[in-house]
Amino acid sequence: MADPEPPMGLDCTLPQAGRLPYTDANFRAAKVFVFGKWCEEAVGQPDKVPLDLSGACKYGSLFMQRVFGGAIRGNYEHQYNFIDGQRVDLSHEARDVACMRHPYLHDPEYFQVPELQASLASCLPRAQRWADEFLAQQSAVVAREPIDR
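Now for a look at the structure at hand. Remember, it's a predicted structure, so these values are computed and weren't measured experimentally. (Residues numbered from 1 in each chain as written. Predicted model: local features only at pLDDT ≥ 70, side-chain atom pairs only at ≥ 80, totals over all residues. Heavy atoms only, no water.)

Looking at the pattern of salt bridges
Step number 1: Taken as a whole and judged by the stated rule, the model has six salt bridges.
Step number 2: Here R19 ties to D132 by a salt bridge, and the two come within 3.2 Å at their closest N and O atoms. Within this pair, whereas R19 is found in the segment before α1 (24-41), its partner D132 is found in helix α4 (residues 114-144), the two being separated by 113 residues in sequence.
Step number 3: The exposure class of D132 is partly exposed, given its relative accessible area of 34%.
Step number 4: Among the ionic pairs, K37 bridges to E40, the shortest N-O distance being 3.5 Å. In this pair, K37 and E40 both sit in helix α1, three residues apart, roughly one turn of the helix.
Step number 5: With relative accessibility at 9%, the residue K37 sits in the buried group.
Step number 6: One salt-bridge network, in which partners are shared between bridges, spans K37, E40 and E133. (Salt bridge = Lys/Arg side-chain N within 4 Å of Asp/Glu carboxyl O. Helix = DSSP H or I, 4+ residues; strand = E, 2+ residues; numbered from the N terminus. Buried < 20%, exposed > 50% of the residue type's maximum accessible area, 1.4 Å probe, protein only.)

Brief notes about helix α2 (residues 57-68)
Step number 1: Under the 1.5 Å per step criterion, the end-to-end length of α2 is 15 Å for twelve residues, consistent within 8% with the ideal 16 Å.
Step number 2: Counted residue by residue, α2 has eleven buried out of twelve residues, so it is predominantly covered.
Step number 3: Within the sequence span of α2, burial applies to C57, Y59, G60, S61, L62, F63, M64, Q65, R66, V67 and F68.
Step number 4: Phi turns positive one or two residues past the end of α2, at G69, with a value near 80°. (Expected span 1.5 Å × (residues − 1).)

Encoded structure:
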């Protein structure tokens, strides 16, 4: 069954509620998870096997918003998240981000560009699937942890 089409005009720059608290441990787990998914996308394309999360900022920022809430910020070069009053970037160590002059400049008007809206809409179903899978995985981990008495 195909994923439902996301609504056009989605304003990801508006803060949303998260489904998991943003912590250092949860961030690290999310980063490992998303990198694994990003690598899965390259299966069968040996010349495209990623070394980091370069090129994944749309998927990563949508994923992070669905998991941890907050808002998406960015510009024509890069997207990142703003969660609980702090800048959060799943791709902060990626080579492409390191090469950018101003990766953390926020241009709110950029998010109104129809081509970006269409691109985000096309990335959203995959990011949502990843978020749902990650949240289910995290719930299973919590359920297996011993309870301190």
